[in-house]
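In case you want the letters, here they are:
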Amino acid sequence: HRRRLCGSCHTLVDIMDGWLRLVTDATLSPSTCPCGSGDAYDTCCGKYHRGEENPSTPEALMRSRYTAFARGMSAYILKTQHPQNPEQPTRESLEDFFVETRFVGLTILETSLAADGQSGHVKFRAKQRVAGGRSLSFVENSFFVRDPHSGEWSYRSGEILA
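Residues numbered from 1 in each chain as written. Predicted model: local features only at pLDDT ≥ 70, side-chain atom pairs only at ≥ 80, totals over all residues. Heavy atoms only, no water.

Looking now at the pairing of strand E2 (residues 119-130). The pairing of strand E1 (residues 101-113) with E2 spans 11 bridges and is classified as antiparallel. Residue pairing across strands places Phe103 opposite Gln128, the latter belonging to E2. With antiparallel pairing between neighbouring strands as the criterion, E1 and E2 make up a hairpin whose turn holds five residues, including Gly117 at a positive phi of roughly 75 degrees. With 11 bridges joining them, E2 and strand E3 (residues 135-146) adopt antiparallel strand pairing. Considered in E3, the bridge of Lys127 is made with Ser137. Hairpin remark: E2 followed by E3, antiparallel, with four residues in the connecting loop; positive phi at Gly132, about 90 degrees. (Pairing = 2+ DSSP bridges. Helix = DSSP H or I, 4+ residues; strand = E, 2+ residues; numbered from the N terminus.)

Take a look at the structure:
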C-alpha cells in the first residue's frame, strides 16, 4: 500500500527507507554501543548486525535486539524473532514505530539460562523518547530459545511488567 506523495515523488516508505539508511550509516562508527555495554558498537552488537557472529547468550541477543531497535534495524529484529512468537511484527509496523520512538537507555536487571542451555530469559528496563519528546520506560521479561540444530538464539516472547 505504497502511496506516492505526488506523481513524480517517491513514496513515504521509500523516503523513510532512505532516511533510516542515512541514520544507520552515519551511526556505524566506533562509537559506544547503544546496548549499554560500554564497548564500541563495531566490536559489540555491530558484529551481530553485520552477520559476522551470532549472539552466544540470551543477554547478548537481547542487547543486540535493543541496539537494532535503537538504530531502526527492522531486518535484524525480524531475523532474530522466533517463528512461533505470538506477536509477529512486520517490517512496516516496525518502521512506523521507529518514526515515533527512540530508545535511549537499557539496564539489564536479571538473566537466567535453563539447565539444558536451550532457553533463557532476560529482565530489563528500557527507556524511550516518544513523539513530542516525552520520556517513558518499561520493564520486560524476555524469553529466548536456542535452535537445537544451528545453536542460534531467537526471541520467543516478552512480558511487560511495568
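Summarising the sheet, E3 and strand E4 (residues 153-160) pair through seven bridges and their orientation is antiparallel. Bridge pairing in E4 links Asn141 to Glu159.

All right, on to the sheet that holds E1 then. Within the open sheet, the four strands sit side by side as E1-E2-E3-E4. Their pairing is antiparallel. Every other strand in the sheet has two partners, leaving E1 and E4 as the edge strands with one partner each. Strand after strand, the sheet turns through a mean of 30 degrees between neighbouring axes, direction not considered. The strands touched by helix H3 (residues 58-71) within the sheet are E1, E2, E3 and E4, with E1 carrying the most contacts at an inclination of about 175 degrees. Against the sheet, helix H5 (residues 91-100) engages E1 and E2, with an angle of about 115 degrees to E1. (Axes fitted to C-alpha atoms, helices over the stretch in contact; angles between N-to-C directions. Contact = heavy atoms within 4.5 Å.)

Here the focus is the pattern of salt bridges. For the coordinates displayed, the defined rule picks out five salt bridges. Two residues, Arg50 and Glu52, come together in a salt bridge whose shortest N-O distance is 2.8 Å. Between Arg63 and Glu59 there is a salt bridge, and its shortest N-O distance comes to 3.0 Å. Of this pair, Arg63 and Glu59 both sit in helix H3, four residues apart, roughly one helical turn. (Salt bridge = Lys/Arg side-chain N within 4 Å of Asp/Glu carboxyl O.)

Nothing here speaks to function; it is geometry throughout.
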